[in-house]
Amino acid sequence: MIKHVFISGNVQGVGYRHFTRKNAESLGVTGWVKNLSDGRVEAVFEGEPDQVKQMLERCKKGPISSSVKKIEEIGTNSEPESYPAFEVR
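These notes cover the structure that comes with them.

What counts, and where the lines are drawn
Residues numbered from 1 in each chain as written. Predicted model: local features only at pLDDT ≥ 70, side-chain atom pairs only at ≥ 80, totals over all residues. Heavy atoms only, no water. Phe/Tyr/Trp six-rings, centres within 6.5 Å; stacked < 30°, edge-to-face > 60°. Helix = DSSP H or I, 4+ residues; strand = E, 2+ residues; numbered from the N terminus. Buried < 20%, exposed > 50% of the residue type's maximum accessible area, 1.4 Å probe, protein only. Pairing = 2+ DSSP bridges.

The next subject is the packing of aromatic side chains. Evaluated as defined, the whole model comprises 2 aromatic pairs. Between Y16 and F19, the ring centres sit 6.0 Å apart and the planes meet at 45 degrees, which makes this aromatic pair tilted. Highlighted residues: Y16 and F19, both in helix α1 (residues 16-27), separated by 3 residues, approximately one helical turn. Both residues of the pair, Y16 and F19, count as buried. Ring centres of F45 and F86 lie 5.9 Å apart, and the angle between their planes is 15 degrees; this geometry places the pair in the stacked category. Of this pair, F45 sits in strand β3 (residues 41-46) while F86 sits in strand β5 (residues 86-88); the two residues are 41 residues apart in sequence, bridging distant segments of the chain.

Structure (structure tokens):
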């Protein structure tokens, strides 16, 4: 399963991308995360449905210094893209 999301709130300059990468690696989720110029974070998560669901739950909380207001899911795809790892872009 693949989820493509936009995360808004206080999510830049607070270690959010590093937090996301560490959690993705611990769950076995692949994909990527990056900052956007409008202050949001964009991410793609690929893995088993339960892994991706857990990843989204962790992203709702974020690191202690963040404040997540909204996670907008813009796409779900069951066809694998086969990302080799999880990367910060």
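Resuming the write-up.
Time to look at the pairing of β3. Buried residues dominate β3, accounting for 6 of its 6 residues. Of the two faces of β3, both are covered, the one formed by V41, A43 and F45 as well as the one formed by E42, V44 and E46. Bridge count for strand β1 (residues 2-10) against β3 is 6 bridges, and the pairing is antiparallel. Residue H4 lies in a different strand from β3, and its bridge partner there is V44. Inspection of the sheet shows strand β2 (residues 30-35) paired to β3 by 6 bridges, in the antiparallel sense. Bridge pairing in β3 places V33 opposite A43. Linking β2 back to β3 in an antiparallel pair, the connection comprises 5 residues, with G39 at a positive phi of about 95 degrees.

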